Amino acid sequence: MDRIRIRGGNPLNGEIHISGAKNAALPLMTAGMLTDERLVLSRVPLLADTQTMGELLRQHGTEVAPSGNDPRTLSIGGVITNTEAPYDIVRKMRASILVLGPLLARTGEARVSLPGGCAIGTRPVDLHLKGLEQMGAVIELDAGYINAKVKGRLKGATIVFPMPSVGATENLLMAAALADGRTVLANAAREPEISDLCDCLVAMGAQITGIGTDKITIDGVERLHGAEHEVIPDRIETGTFACAAAITGGALHLTGGRMDHLGAVVRTLAEAGVEITETPTGLMVKRLNGLHGVDAITEPYPGFPTDMQAQYMVLMSVAEGASLVTETIFENRFMHVPELNRMGANINVHGKSAIVRGVKQLSGAPVMATDLRASVSLVLAGLVAKGETIVNRVYHLDRGFEHVERKLAACGADIERIPG
Ligand code: EPZ
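A quick note: this is a predicted structure, and the numbers were derived from the prediction, not measured. (Residues numbered from 1 in each chain as written. Predicted model: local features only at pLDDT ≥ 70, side-chain atom pairs only at ≥ 80, totals over all residues. Heavy atoms only, no water.)

### Thoughts on the side chain of T183
Along the polypeptide, T183 turns up in strand β11 (residues 182-186). Since its relative accessible area comes to 0%, T183 is described here as buried. In this structure the side chain of T183 is engaged in a polar contact, spanning 3.5 Å, whose partner is the backbone nitrogen of A157. (Helix = DSSP H or I, 4+ residues; strand = E, 2+ residues; numbered from the N terminus. Buried < 20%, exposed > 50% of the residue type's maximum accessible area, 1.4 Å probe, protein only. Polar contact = N/O pair within 3.5 Å; in protein donor to acceptor, adjacent residues only side chain to side chain.)

So, in structure tokens, the structure goes:
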């Protein structure tokens, strides 16, 4: 298994190009299942997760092929020949659940392995299932699988989510696009990735209003057609590299990065002493003077994203003073804390909150993490730590960051991948 070696201490300066967003690309790829024609998606990041999604779609019979010479442009669509999403693929990637809505809408049936819990929490899919049932699907759970069926087309319904869920909003949006009648999704998630999916569905012929709000109305159509769509830039990658500039005391130009997608991250980083300004092609990020402790609480968009919590905590671990970092989305998303403490951080977890007392210096150590964002937080820690840090289990990073070590090395980091 590959590892990443980092020798800390170099300030990062230069330019990093932001890739397409993983969490936009995955649902967009499944939207390609909604048409017999071809959805051409550009700026699809080259990641383990987008490859896994390609593999899943192909085994449903959907064609997924590079379009032209650019490996980041995919042509997706065609006839669905198999309606089962097997355990072996779903267990690798929970976002596989996003085939459920498209399969039901296109074929009237789906058998999808239940994703189960994962390292960051139990992560149930009850909201996906209840919404589809409200639209007329009959759902049974059997031997670890979701068996779903509908006679004829799904029916439009008013679905009020008890809490905003990114995945459930996406699944039901895709199902509703081909349903009979009007669907209203209330208390829907508002993440930029959802608006991106809506924009793509509209380009495919869907009728959607309220895009970007928590009340989305979809008037179902009988068929969707092919379209071209560009995946939005990754706001979590943008925020992560902003933390890299800030923590090393450098200045990075993040080309493609979008201020309007960063939500509470910009405000929180600004308060902590990090300047983020818009440029004609992206964002410029630099640390002003010292970093100081500022509290953060994770919330649905436009609040502070749970996917930035670990990276922000590393920044706070070397800031002056203390901060309280509270995780409200997932119940078990502090696994980076013991690893950071092994590197000399002073972090205490009390329930949903972590008290981070800034220290002068972290020290390098062999570390590992059990999820993607925790892994990249350890890379950030390695960039400022004294001495050598080895990050193990790099496959987590490869699920969601395109060539993170190459991008950082090009800006002056002493970082390399050790194949293993
Ligand atoms: C998406 O996960 C992202 N994944 C996650 O990215 C991200 O952390 C999360 O949204 C929150 O922003 C993708 O987009 C592929 P949710 P998702 O449904 O859709 C509870 C990363 O590192 N819930 O918005 O699974 C759930 O347990 C990751 O890239 C139910 O109770 O998240 C959680 O507490 C990991 N029942 C909360 O809602 C349901 O049916 C929000 O989850 C669905 C969710």
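Having put the structure on the table, let's press on.
### Overview of the side chain of E193
In this structure, E193 sits in helix α7 (residues 192-203). Relative accessible area serves as the criterion here: at 5%, E193 is assigned to the buried category. Setting aside chain neighbours within four positions, we find E193 in contact with N23, A24, E170, I232 and R235. (Contact = heavy atoms within 4.5 Å.)

### Let's talk about helix α5 (residues 126-134)
What α5 keeps buried is the set L127, H128, L129, G131 and L132. If you follow the buried residues of α5, they end up packed against α4 (100-107), β8 (138-142), β9 (145-149), β10 (158-160) and α6 (166-177). G136 sits one or two residues past α5 and shows a positive phi near 105°.

### Quick word on the packing of α5 against α6
Running from amino to carboxyl end, α5 crosses α6 at an angle of 25°, the nearest separation of the two axes being 8 Å. Taken as axis vectors, α5 and α6 run roughly parallel relative to one another. Seen along the crossing, α5 lies across α6 with a hand that is right-handed. Residues L127, H128, G131 and L132 of α5 form the contact with α6, whose own contacting residues are G167, A168, N171, L172 and A175. Partitioning the contact of α5 with α6 into residue classes produces 5 nonpolar, 4 polar and no charged. (Axes fitted to C-alpha atoms, helices over the stretch in contact; angles between N-to-C directions. Parallel < 35°, antiparallel > 145°, perpendicular 65-115°, else oblique. Left-handed = near helix turned anticlockwise from the far one by under 90°. Nonpolar A, V, L, I, M, F, W, Y, C, P; charged D, E, K, R; others polar.)

### A short note on the environment of P305
Here P305 is to be found in the loop between β18 (296-297) and α10 (309-317). Classification of P305 as buried rests on a relative accessible area of 9%. In this structure, the C-alpha to C-alpha distance between P305 and E191, residues 114 residues apart in sequence, is 9.6 Å. Sequence-distant contacts of P305, defined by excluding residues within four places in its chain, comprise R235, I236, V265, T298 and E299.

### Things to note about the site of the ligand
Taken together, the neighbourhood of the ligand is formed by 21 residues, with D126, S165, D307, I329 and R373 sitting nearest. K22 has a polar side-chain atom sitting 2.9 Å from an oxygen atom of the ligand. R123 is positioned such that a nitrogen or oxygen atom in its side chain is 2.9 Å from an oxygen atom of the ligand. In the complex, the protein chains occlude 86% of the 830 Å² of accessible area that the ligand would expose alone. By residue number, the principal contributor to the shell around the ligand is α5, which donates 3 residues. Considered class by class, the residues forming the shell around the ligand number 10 nonpolar, 5 polar and 6 charged. (Near = heavy atom within 4 Å. Areas by Shrake-Rupley, 256 points an atom, 1.4 Å probe, with all protein chains shown as cover.)

### What about the nonpolar core?
Counting 73 residues, the largest nonpolar core has L173 and L201 as the members making the most contacts within it. Here this core gets 7 residues from one element, more than from any other, and that element is α6. Each residue touching L173, except ones within four places of it in the same chain, is listed here: L185, I194, L197, C198, L201, I208, I216 and I218. (Core = buried A, V, L, I, M, F, W, Y, C linked by side-chain atoms within 4.5 Å.)

### Topic: the sheet that holds strand β2 (residues 13-17)
Strand order in this open sheet of 4 strands is β2-β15-β17-β16, and the pairing throughout is mixed. Two strands close off the open sheet at either side, each with one partner strand: β2 and β16 (274-279). Shown here is a sheet whose adjacent strand axes are inclined to one another by a mean of 20°, direction ignored. Seen against the sheet, helix α8 (residues 235-248) touches β2, β15 (251-255), β16 and β17 (282-287) and runs at an angle of roughly 30° to β17. (Pairing = 2+ DSSP bridges.)

### Structural notes on empty space enclosed by the protein
Tallying each qualifying case throughout the model produces 1 cavity of 30 Å³ or more. Here the largest cavity is characterised by a volume of approximately 30 Å³. Contributing to the lining of the largest cavity are S19, G20, P45, L47, D234, E237, G400, F401 and E402. A breakdown of the residues in the lining of the largest cavity according to their chemical character gives 3 nonpolar, 3 polar and 3 charged. (1 Å grid on protein atoms, 1.4 Å probe; cavity = no way out; pocket = protein on both sides within 12 Å on 5 of 7 lines; lining within 4 Å. Points joined across faces, edges and corners; volume = space filled by probe spheres on them.)

### What about α10?
Side chains of residues three or four places apart in an α-helix project in the same direction, reflecting 3.6 residues per turn. The element α10 is largely enclosed, with a buried count of 9 among its 9 residues. Turning to α10, its buried residues are Q309, A310, Q311, Y312, M313, V314, L315, M316 and S317.

### Digging into the pattern of salt bridges
All told, the structure shown has 26 salt bridges when counted by the stated rule. A salt bridge links R5 to E416; the nearest nitrogen and oxygen atoms lie 2.6 Å apart. Residue R5 is located in strand β1 (residues 3-7), and its partner E416 is located in strand β24 (residues 414-418); the two are separated by 411 residues in the primary sequence. The exposure class of R5 is partly exposed, given its relative accessible area of 23%. Where E230 meets R43, a salt bridge forms, and the shortest distance between an N and an O atom there is 3.5 Å. With E230 in strand β14 (residues 227-230) and R43 in the loop between β3 (39-42) and α2 (48-59), this pair connects stretches of sequence that are 187 residues apart. Where salt bridges share partners, they join R5, R7, E388, D414 and E416 into one cluster. (Salt bridge = Lys/Arg side-chain N within 4 Å of Asp/Glu carboxyl O.)

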